[in-house]
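Overview (structure and organization)
This is what each chain is made of:
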Amino acid sequence: MVWQPTMSKKSSYLDNVVGVDDMVLLEPLTDESLLTNLKERFNKNEIYTYIGNVVISINPYKMLPIYGQTKINEYRNANFYELSPHIYAIADEAYRSLRDRNKDQCVLITGESGSGKTEASKLVMSYIAAVCGKGEAVNQVKEQLLKSNPILEAFGNAKTIRNDNSSRFGKYMDIEFDFKGDPLGGVISNYLLEKSRVVKRLKGERNFHIFYQLLAGGSSELLEHLNMLRDCNRYIYLISDKTSLNGVNDAASFDTVKAAMNIIGFEKSEVDSVWEMVAVVLKLGNITLKAEPQSSGMDECYINDLKALREVCSLIDLDESILEQALCSRTVQARGEKVKTTLTAAQGSYARDALAKNLYDRLFNWMVKRINESIQVRGKVQKKVMGVLDIYGFEIFKDNSFEQLVINYCNEKLQQLFIEITLKEEQQEYIREGIKWTQIEFFNNAIICDLIENNKKGILAMLDEECLRPGDITEMTFLQKLNQICSGHQHFESKETQSSKFITDLTLPVNCFRVQHYAGKVMYNVTEFIDKNNDLLYRDLSKAMWQAKHKLIKSFFSEGDPHKTLLKRPPTAGFQFKASVNVLMKNLLAKNPNYIRCIKPNDTKSPAYFEDRVVQTQIKYLGLMENVRVRRAGYAYRHHYRPCLERYKMLCKQTWPNWKGNERDGIKTLLIELNVPLEEYAFGQTKIFIRNPQTLFDLEERRRLQMGFLVTMIQKTYRGWKCRTHFLLMKKCQIIIAAKFRAYNQQKKYKNMRKAAIVFQACIRGWKVRKLQRARKQEKIYAAAVTVIAAGWRGYQVRKQNRKYFKSNASRIVQRFIISSVIQNYLLGLKNNLPSMSPTDRSWPPLRFHFLSKTDEELKTVFCRWKCKKYREGISSQRKEELEEKQYASELFKDKKASYSSSVPQPFKGQYLDNQKKIKYQKLASGMEGKLLMMDMIMKINRKDGKNSPRILIMTSRNFALADAKSSQIKTMITMNKIKGISMSERRDGLFVLHLVENSEGDLLLSSNHLVELTTKLHRSIMDATQQVINVKIQDEFSVKFSKDTIAVKFMTEINKNGNRPVLKKKNSRLFEVHVL
Ligand SMILES: Nc1ncnc2c1ncn2[C@@H]1O[C@H](COP(=O)(O)OP(=O)(O)OP(=O)(O)O)[C@@H](O)[C@H]1O
Ligand SMILES: [Mg+2]
């Protein structure tokens, strides 16, 4: 296999590459080609270019569509060289190194003011925030870390000529992560705030943003509380030609700052105190001091307008006179005595400005401290750290002062660090590792660093010495000293150097010295150097501030506490800065550096304008050329053999999974196996060196693919193992189940068979037993038969033997005897159990012998008849007569007339009259023909009105007579042959009609209480007399014939007051209605 760098993935991106995206590949490599390449790319909006793993960023001064979540996703976990250069790529590389390789990282962002450092640092932070872990706690940490930016920018950034949002302090932020790469918190270090800006700045520049933001965005209540007006021109420290920024809304920024303070966790009281401090600084500026000539001829200062002083004092809760005195006088210690001297107006103003600057500086430091308190990591946890350094860039102004010296010193140190790591260290490593190396000439700025920081002969040391020296000290004495000691230094220039080389240099004024920095020559004006370095505040002022009751301001000026005796002078500003820079350098050296080198394309902040001169200067002082040359001459990548082999061993069969020999041989085998050309790598003592990034990229790509393959293999093996284990388990289960099932089946089968066998056995046994039983039964039968036969035989034999002794018909005699005894028994039993003699008793003893049933039946009938005969024989002739009459009545009325059933038990007495009447009427009857049958009181119903009139009935066997009840005169006498028929209702009433033959007076309508008896006797008498049967009509409607007319009688059911007696109503001449119950 021939080595072919796998460019397939990159080719698509390379197709569209503008110029060369990694300047290590630039051909030919000259200053011009480097500049042209950057220009060409910049013009096509490709603002990022690599030199190896260093990112060059050119400020586009316009928003480009190369940021945001989509881009972040694109760069996330992508290979560094896989995509076009970007800050996201270096941020990703740094983050992954930190997370996966456990290496602390730092991102060093350097460049001139306005070149885009702060923006770059924000991009790095936002990228890391986007790709690191998520979750409520993590998001809160991220939010707090990100929100520290707007606060620090508001208080530490200002508009300068070069940059509308220039950072006026140096910032280094350590972001701390846990082992998973989730942010835990952070620490911010700040370096040298340009506090002089509070009181003074160049034309066209602004004070710190927060002053304008407070005035523009503070609520009316807040401003009222602070006693401030929403007008910048009212405050001397803010007066300038332009107070607003293009495209920046100070009011909105103020809201952002407030919101950020809230997120960070500032308490309300703290926020209020901060605004009060800001207001105090501005108000201090408005305290104007005027001179008043004294008799001594000296000027004394006084406060012209007390309003501002009063406002300041009311805000910090301080007695006005204390601050007034502190501003206008000074206590001097002379020969052990404290003497108070008044200040001149200029001194007073100086003291006021010093106080304002100091106060603002301390406020800023307190803000950083307060943010740190919120974002710091609590508790002891193992941390991985990523530092982001956004420090002021190299500054070359027309008029450079102490601040520029320290800023440029810091940049020198950073350049030194860069040289140390990328240039010097690289070359030394090659030598150490025994790699062939062509020496690259580069400028080492250590000599300049030494010029400034040398503890004895350095500029800062001499300035300190001058500040601390007793006697008359001025800036000029300091310059003279510099001239004496540094004149021989090749990077130091001043008018009065020993060689007097620059005496004729008109560009170098007497009060200036020049330092040839690595980035160019800078001329520093020594004016104010002493004061700025001393950074002292009159003790009277700090004492006055300490007396204020405002908590925050009191804490700022703790040195003003009279109980504290200051034994030691506080360290000078230069000393402090040097010390903090050295700490920073140490800190950075301990981490893996990632460089972002920012370049600004022009001095006019204009987009799409690439000014060659401006860029060329930056290229020069950033040492980009040397950087490229070193990378080109050297090898892009190096690594210790062991970790390198560990990382790539999966690419070759011999080295995978373990290499037995030494690591160097392992790597060699691996590279030969992969057909990597010899010139692409070299073997050092302890490290392998790989020349081109593409080779490394290819190795990484192959590793990625192989890892994919390995992962698949592991997955496959694991899945195979899992499936197999599962299968074996299933198989085991299946065997158990099958065994159990078979056993169950067999058991079932066995049980069935057993059952069948038992049934079969039972059948057989049954059959056998039955057979045996049958045989026995047969035997028994046979035995019985034999016995019978034997008995018969024996009987026969006996009979045969004894026949001669018996009569021939003895059996019949015996039979007859038995029968006759049974009959006897039956008859005797019957005799003893005969039923009663009552003719109505139908009971009969049960029969035990069926052959006598016929006899029994006949006997029963006979007995019944006999019983009746006996009964009949027992009754008298009169009774017989009565019964015959009853019998007669029954034939006439049974089931026809309702009153019949009640008449049955009543005997037919015939005589119903009381004795007196009876005798009287008997006499009357005796005159009548025939036998007297009945005498009774009946009613005759009047045919005209239906009314009743009582009549005595006298009925003989020949006549039917009715006599008047009172007069006893016979009124009606009817012979039996005159009666044609009788009609009556079916009801219980006693009404009846006697239908008479035609020639009489008409039918009689009568009513009797003994209707059944009367009618029976009458009917019988008529039949006896005439031998004819008269008609008895029993129905509810019948007609009655009177002399001329026939009237219908109709019976109806109705309850009437007469009870049982019918009520007759004549409805009309043809209808009687009879109302009965
Ligand atoms: N990547 C970018 N895209 C668009 N504009 C940018 C970019 N980087 C910088 N700028 C513009 O340039 C201005 C200056 O950038 P920045 O404040 O980052 O410079 P700096 O290097 O921090 O300067 P100083 O040293 O003064 O703080 C920004 O306010 C912004 O308008
Ligand atoms: Mg900045």
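Along each chain, the written sequence defines residue order, and numbers are assigned to residues from 1. Following the order in which they are written, the chains are lettered starting with A and the ligands numbered starting with 1. Side-chain atom pairs in this predicted model are given and counted only at pLDDT of 80 or more, local residue features only at pLDDT of at least 70, and totals for whole chains, interfaces and linings cover all residues. Note: side-chain values were computed over all heavy atoms of the structure, leaving out hydrogens and water.

1. Some words on the overall build of the protein chain
Labels follow the DSSP assignment, with helices taken as runs of H or I lasting at least four residues and strands as runs of E lasting at least two, numbered in each case from the N terminus. Along the backbone of the protein chain there are 32 helices and 31 strands. The globule rule puts the C-alpha radius of gyration for 1077 residues at 31 Å, and the 75 Å found for the protein chain is more than 25% above it. Considered along the principal axes of its C-alpha atoms, the protein chain spans approximately 215 × 110 × 65 Å. Each of the 1077 residues in the protein chain was classed as buried or not, and the buried ones make up 47%. Between two residues, a contact is recorded if the distance between any of their heavy atoms is within 4.5 Å. For the protein chain, long-range pairs separated by at least 24 residues make up 64% of all intrachain contacts whose partners lie at least 6 apart in sequence. The globule rule used here is 2.2 Å times the number of residues to the 0.38 power, and the radius of gyration it is set against is calculated over C-alpha atoms. Any residue under 20% of the maximum accessible area for its type is buried, any over 50% is exposed, and the rest in between are partly exposed; the area is computed with a 1.4 Å probe on protein chains only.

2. Points about the side chain of N534
Secondary-structure assignment places N534 in helix α18 (residues 529-534). When sequence neighbours within four positions are dropped, the list of residues in contact with N534 reads C467 and R569.

3. Some points on the site of ligand 1
Close to ligand 1 lie 18 residues, the nearest being S113, K117, T118, S166 and S167. Under the rule applied, a polar contact is a pair of N or O atoms within 3.5 Å (in protein, one hydrogen donor and one hydrogen acceptor; residues adjacent in sequence only if both atoms are side-chain atoms). Within the side chain of S113, one N or O atom sits 2.6 Å away from an oxygen atom of ligand 1. At 3.3 Å from an oxygen atom of ligand 1 is found a main-chain nitrogen or oxygen belonging to S115. Note on areas: Shrake-Rupley with a 1.4 Å probe; residue coverage comes only from the protein chains shown. Within the complex, the protein chains bury 87% of what would otherwise be the 620 Å² of accessible surface of ligand 1. At the level of elements, α5 (117-131) and β5 (166-167) are the ones that each hand at least two residues to the shell around ligand 1. The leading source of residues in the shell around ligand 1 is α5, at three residues. Ten residue types, Ala, Val, Leu, Ile, Met, Phe, Trp, Tyr, Cys and Pro, are classed as nonpolar, four, Asp, Glu, Lys and Arg, as charged, and the remainder, Gly among them, as polar. Class assignment of the residues belonging to the shell around ligand 1 gives a composition of three nonpolar, 11 polar and four charged. Here a residue is near a molecule or strand as soon as one of its heavy atoms is found within 4 Å of it.

4. What to know about the sheet that holds strand β19 (residues 687-690)
Spatially, three strands are ordered β17-β19-β18 in an open sheet, and the strand pairing comes out antiparallel. Because the sheet does not close on itself, it has two edges, and the strands there are β17 (637-640) and β18 (681-683). The average undirected angle you get between the axes of adjacent strands in this sheet is 15°. Only strands that DSSP links by at least two bridges are regarded as paired with each other. Here four bridges tie β17 to β19, and the two strands are oriented antiparallel to one another. Counted as the bridge partner of H640 is K687 from β19. In this analysis, axes come from line fits to C-alpha atoms, helices being fitted only over the stretch in contact, and the angle between any two N-to-C directions falls in the range 0 to 180 degrees.

5. Here we look at the pattern of salt bridges
In a structure, side chains of opposite charge can pair up when their charged atoms sit close to one another. What counts as a salt bridge is simple: a side-chain nitrogen of Lys or Arg found within 4 Å of a carboxyl oxygen of Asp or Glu. Within the structure shown, the criterion is met by 52 salt bridges. E311 is paired through a salt bridge with K307; the nearest N and O atoms lie 3.1 Å apart. With E311 and K307 both in helix α11 (residues 306-316), this residue pair falls four residues apart, about one helical turn. What you see here is one network of salt bridges that share partners, running through R168, E194, R197, E205 and E395.

6. A short note on the nonpolar core
The nonpolar side chains of soluble globular proteins are, as a tendency, buried together. Buried Ala, Val, Leu, Ile, Met, Phe, Trp, Tyr and Cys residues form a nonpolar core when they are joined through side-chain atoms within 4.5 Å. By size, the foremost hydrophobic cluster in this structure holds 187 residues, and its most contacted members are F155, W275, I459, F478 and F513. Here this core gets 14 residues from one element, more than from any other, and that element is helix α13 (residues 345-375). When near neighbours in sequence (up to four residues on either side) are disregarded, F155 contacts F208, I210, V257, V274, W275, V278, Y360, L363, F364 and M367. Ranked by size, the runner-up nonpolar core spans 30 residues in total, among them A889, M934, M955 and M984.

7. Notes on the coordination of the magnesium ion (ligand 2)
Only nitrogen, oxygen and sulfur atoms qualify as donors, provided they sit within 2.8 Å of the metal or within 3.2 Å for Na, K and Ca; with water excluded from the atoms, sites may seem incomplete. Protein coordination at the magnesium ion (ligand 2): the donors are T118 (OG1) and S167 (OG), at 1.9 to 2.0 Å from the metal. Residue T118 is found in helix α5, and its partner S167 is found in strand β5; the two are separated by 49 residues along the sequence. Judged on exposure class, the residue T118 and its partner S167 are both buried.

8. Some thoughts on empty space enclosed by the protein
Cavity and pocket criteria rest on a 1 Å grid covering protein atoms alone: a 1.4 Å probe that fits but cannot get out defines a cavity, protein on both sides within 12 Å along at least 5 of 7 lines defines an open pocket, and an atom within 4 Å of a point defines a lining residue. Grid points are joined across faces, edges and corners, and a volume is the space filled by probe spheres set on the points. In this structure the tally under the stated criterion is seven cavities of 30 Å³ or more. One number sums up the size of the largest cavity: a volume of about 80 Å³. Surrounding the largest cavity, M125, I128, A129, C132, K142, L145, L146, I175, F177 and P183 form its lining. Of all elements in the fold, only α5, α6 (136-156) and β6 (170-177) reach the threshold of two or more residues within the lining of the largest cavity.

9. Looking at the packing of helix α12 (residues 320-328) against helix α19 (residues 539-547)
Closest axis-to-axis distance for the α12/α19 pair is 8 Å, and the angle between their directions is 170°. As the angle between them shows, α12 and α19 are arranged roughly antiparallel. Two secondary-structure elements touch here, α12 through I322, L323, A326 and L327 and α19 through D540, L541, A544, M545 and Q547. Of the residues that constitute the contact of α12 with α19, the class distribution is seven nonpolar, one polar and one charged. Oblique is the label for every angle not falling under 35 degrees (roughly parallel), over 145 degrees (roughly antiparallel), or within 65 to 115 degrees (roughly perpendicular).

10. As for the sheet that holds strand β31 (residues 1071-1076)
Strand order in the open sheet made by the four strands is β28-β29-β31-β30, with mixed pairing throughout. In the strand order of this sheet, the two ends are held by β28 (1037-1041) and β30 (1063-1068), each with one partner. Along the sheet, successive strands turn relative to each other by an average axial angle of 30°, direction set aside. With five bridges connecting them, β28 and strand β29 (residues 1046-1053) associate as antiparallel partners. Among the inter-strand pairings, K1041 is bridged to a residue of β29, identified as T1046.

11. Some thoughts on the state of the cysteines
To count as a disulfide, a pair of cysteine sulfur atoms needs to be within 2.5 Å. On inspection of all chains with the given rule, the structure shows zero disulfides. A disulfide-free cysteine, C723 has its sulfur positioned 15 Å from the sulfur of C733, the nearest such atom.

12. Remarks on the environment of L35
Position of L35 relative to the elements: it lies in helix α2 (residues 31-43). Sequence separation of L35 and D612 is 577 residues, and the distance between their C-alpha atoms is 7.4 Å. Filtering out sequence-adjacent residues up to four positions away, L35 remains in contact with F610, D612, V615, Q616 and I619.

13. What to know about the packing of helix α7 (residues 209-217) against helix α10 (residues 268-285)
Where α7 meets α10, the axes come as close as 11 Å, and the angle between the chain directions of the two elements is 105°. In terms of orientation, α7 and α10 fall into the roughly perpendicular class. Where α7 approaches α10, its residues I210, F211 and L214 are matched on the opposing element by W275, V278, V281 and L282. For the contact of α7 with α10, the class distribution of residues is seven nonpolar, no polar and no charged.

14. Considering helix α22 (residues 612-622)
When we look at burial in α22, the residues that qualify are V614, V615, Q618, I619, Y621 and L622. Phi for G623, located one or two positions after α22, is positive at around 70°.

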